[in-house]
Structures are given as C-alpha cells and as structure tokens.
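Survey of secondary and tertiary structure
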Amino acid sequence: MSKIVLSTESVADLPKHLIEKYQIQEIPMHVIIDGKDYLESELTVEQVYDYYRRTKKIPSTTSTNAYEYHHFFSKIRKDFPDHMIIHLGYTSRSSGSFQSAVIAAKDFENLFLIDTLNVTGGLATIVMYAARVLEEDPTIDHVQLIEKIESIIPKTRLAFIPDSLDFLRAGGRVSNAAFIGGTLLKIKPCIELIEGKLVPTRKYHGNMNNVAKKLMHDYLTQYNIDRKQLNLVYSLGLDEGIKRNMEIMAKENGFENIEWIQGGPTISTHSGPGCFGISGIEH
C-alpha cells in the first residue's frame, strides 16, 4: 500500500468520486459575498450566479492563509501519521495561496510542495495524473513521484472559452468598450494557461456550439495530447447538447478516458455560466 498522500486546493474542481477513490485531501479557498467570507465548500455555484443576477456584481475571492494551511497539514499528519505528503498547489503566479503553504510547511517533515502553475481543470489533470501513477505503482518512492509530476507540469495544457463577457466585465477584466464590441460581434476569447498565467490567445466568433467545436479542433491540432486521458471543463449552464458533441469529438479523436470537470464557486466567479474548456497532457 502507498505511503504517500496527495493534497491540493478546492479550485482543482476535482470530481467527488475521484477525491474519494484516491483519498485526496483538499483545502478550500475563500469567496466573499457582501462582505461575508465563505469557504468555497460552503457555497454553491448557483449562489454565485444568483448574486450576480441580483447585483450585477461578482463575488471576490481570497487565498488560503498560512494559519489555515498549518491546520490543514496538521490534520493530514494526524490522519496519515506514517505517510509522505505531496501537496499540489494552485499556480503561484495568480494567487498567494502557494506562498501561504510554503510558510506553513516549515513546521512539518516529509511534506513536499509542488507549484503546478495550473488552475481548475489543469490542476485537476496534474492531481489525477499523480493519483494514477500511485495507483499503478503503490510502492513508488516519493522522489520518483515528484520527478514524474514535475516533468508533466510544462506539458499540461488548459484552454477555455467563457460563453459571455458579462462576468469578465463585472470583474474588471474587460472594459465596457471591449464588452460592447465583443457582444455585438459575438466574440468569445480563448484563454489559455501559459507559464502559470491566464492569457487570451485567440478570438472565436459565433454561438457556443460552433465555438466549442472550433476550440476542440484547434486544441488537438496545436497540442499532441496523450490519448489516455482528456478532461473537459465546464461551468454550470453549458448546454447538454454541446457536452454530448464534445464527448463525441473526443472519442472520435481516440481518447480512452474522458472526465468532465465542473468549475466550482471560485472559478465560476471569473468564467460565468456556460464556459467550456479542455485540459490534457502532451506526449
């Protein structure tokens, strides 16, 4: 049996069945609505959307602090006293959460931190990879596992498209002029994670069904993704027909396993409803 336990953050948006199957430990981030601080686990995506509908504002999000990390690591050590802990963190280039983990980790032995330079489905992809390596080789040394994880971080590709610019505008990420122009022209920006930062890389035009197909085609053309696993990322509100079409496309392109990853409250404050994305690991 493996003597390594994996931990990560709630913004990995890992499906519950995988958390339970691999005993992955999660620490929640914070979402603030009307001045009240909620742990992400205390909110639903519907509450985030409802707040926007009522106020035309989006909640703010804050990182996990060092005190919370210390409590989190202490609990893992208590529950798994003879295990190595490998923590797979949210990109340090978009949040202070990883630095909080670094501060807290100073008080613990056999605790190793990895900055995945990833968010949501990209972070989930890396955590799932690590969990499956452990499943296939329960006796793997922690040094070898860390080397394997670090080797796939620069090869993990995440791209997504929001259905509308409403939430990006409400969060100050696009100007009113860009919002009006984008809305009139039905422009949907493709956002990719590059070196730990979210970067707009191209623009698509049209309805979400056609845009999702274009994204899938361009993504698989640009990146030689390992056909063992493809993760499809979405936020609540994505049409079920689009989801079926994307799954069909993935299967037609030879993917053996396809996992749907739903964005949680933190990610949904930025993406808004109906977002679609893709994450996988290059050969």
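Everything that follows concerns the structure shown earlier in this document.
The structure reproduced in this document is the subject of the present report.

The rules we used
Residues numbered from 1 in each chain as written. Predicted model: local features only at pLDDT ≥ 70, side-chain atom pairs only at ≥ 80, totals over all residues. Heavy atoms only, no water. Helix = DSSP H or I, 4+ residues; strand = E, 2+ residues; numbered from the N terminus. Rg over C-alpha atoms; globule rule 2.2 N^0.38 Å. Contact = heavy atoms within 4.5 Å. Areas by Shrake-Rupley, 256 points an atom, 1.4 Å probe, with all protein chains shown as cover. Polar contact = N/O pair within 3.5 Å; in protein donor to acceptor, adjacent residues only side chain to side chain. Buried < 20%, exposed > 50% of the residue type's maximum accessible area, 1.4 Å probe, protein only. Arc of directions from axis to C-beta. Pairing = 2+ DSSP bridges. Right-handed = clockwise from strand over helix to strand, strands pointing away. Core = buried A, V, L, I, M, F, W, Y, C linked by side-chain atoms within 4.5 Å. Axes fitted to C-alpha atoms, helices over the stretch in contact; angles between N-to-C directions. Parallel < 35°, antiparallel > 145°, perpendicular 65-115°, else oblique. Left-handed = near helix turned anticlockwise from the far one by under 90°. Nonpolar A, V, L, I, M, F, W, Y, C, P; charged D, E, K, R; others polar. Disulfide = S-S within 2.5 Å. Salt bridge = Lys/Arg side-chain N within 4 Å of Asp/Glu carboxyl O.

For the rest of this paragraph, the subject is the overall build of the protein. Along the backbone of the protein there are eleven helices and 13 strands. Relative to a compact globule of 283 residues, whose C-alpha radius of gyration would be 19 Å, the protein shows 19 Å and is just as compact. Taking the principal axes of its C-alpha atoms as reference, the protein extends roughly 60 × 45 × 30 Å. Long-range pairs, those at least 24 residues apart, make up 75% of the contacts in the protein with a sequence separation of at least 6. Of the accessible surface of the protein, which amounts to about 13300 Å², a share of 51% is contributed by carbon and sulfur atoms.

Further remarks concern the side chain of E40. With respect to the element layout, E40 can be found in the loop between β4 (36-39) and α2 (45-55). Within the local environment of E40, its side chain forms a polar contact with the side chain of S10, the two groups lying 2.3 Å apart. Among residues more than four places away in sequence, those in contact with E40 are S10, V11, D13, P28, M29, G264, P265 and T266.

Taken as a whole, α2 has its buried residues at V45, V48, Y49, Y51 and Y52. All buried residues of α2 lie within an arc of 155 degrees about the axis, which places them on one face of the element. What points out from α2, more than 90 degrees from its buried face, is the exposed set R53 and R54. K56 sits one or two positions beyond α2 and adopts a positive phi of about 60 degrees.

A few words on the pairing of strand β7 (residues 111-115). Strand direction decides the pairing type here: strand β6 (residues 84-89) and β7, joined by five bridges, are parallel. Residue pairing in the sheet places I86 in a bridge with F112 of β7. Taking the sense of rotation as the criterion, the β-α-β connection linking β6, helix α4 (residues 97-105) and β7 turns out right-handed.

Another point: the nonpolar core. Membership of the largest hydrophobic core comes to 28 residues, with the highest contact counts inside it found for L6, L14, I86, L88, L145 and I149. Breaking this core down by element, the ones donating at least two residues are β1 (4-9), α1 (16-22), β6, α5 (120-136) and α6 (142-152). A total of nine residues in this core trace back to one element, the largest contributor, which is α5. By size, the runner-up hydrophobic cluster in this structure holds 25 residues, among which are M208, A212, M216 and F276.

Our focus in this paragraph is unusual backbone geometry. Backbone geometry places Q23, a non-glycine residue, at a positive phi of 55 degrees. In this fold, Q23 is placed in the loop between α1 and β2 (25-27).

All right, on to the packing of helix α3 (residues 66-79) against α4 then. As a packed pair, α3 and α4 sit with axes 8 Å apart at the nearest point and diverge in direction by 55 degrees. Between α3 and α4, the angle is such that the two are oblique. Judged by the twist between their axes, the crossing of α3 over α4 is right-handed. Note on element contacts: α4 touches α3 through S97, S100, A101, I103, A104 and A105, opposite A66, Y69, H70 and F73. The residue makeup of the contact of α3 with α4, split by class, is seven nonpolar, three polar and no charged.

On to the sheet that holds strand β10 (residues 197-205). In space, the six strands of this open sheet follow the order β10-β9-β8-β13-β11-β12, with mixed pairing throughout. For this open sheet the edge positions go to β10 and β12 (257-262), each flanked by a neighbour on one side alone. The mean inter-strand angle of the sheet, taken between neighbouring strand axes irrespective of direction, is 20 degrees. Against the sheet, helix α10 (residues 240-252) makes contact with β11 (229-234), β12 and β13 (276-281), and its axis sits at roughly 150 degrees relative to β12, the strand it touches most.

Below, the discussion takes up the state of the cysteines. Using the criterion set out here, one finds zero disulfides in the structure. Cysteine C190 is unpaired, with the sulfur of C275 as its nearest cysteine sulfur at 10 Å. The buried category is assigned to C275, whose relative accessible area is 5%.

Here we take up the pattern of salt bridges. Once their charged atoms are close, side chains differing in charge can pair, the charge on each being opposite to the other. Applying the stated rule across the entire model yields nine salt bridges. The salt bridge involving D79 is made with K75; its shortest N-O contact spans 2.7 Å. With a gap of four residues between them, D79 and K75 both fall in helix α3, about one helical turn apart. Given the relative accessible area of 39%, D79 is considered partly exposed. In this structure, E240 engages K243 in a salt bridge whose closest nitrogen and oxygen atoms are separated by 3.7 Å. Placement of the pair is E240 and K243 together in helix α10, with a separation of three residues, close to one helical turn.

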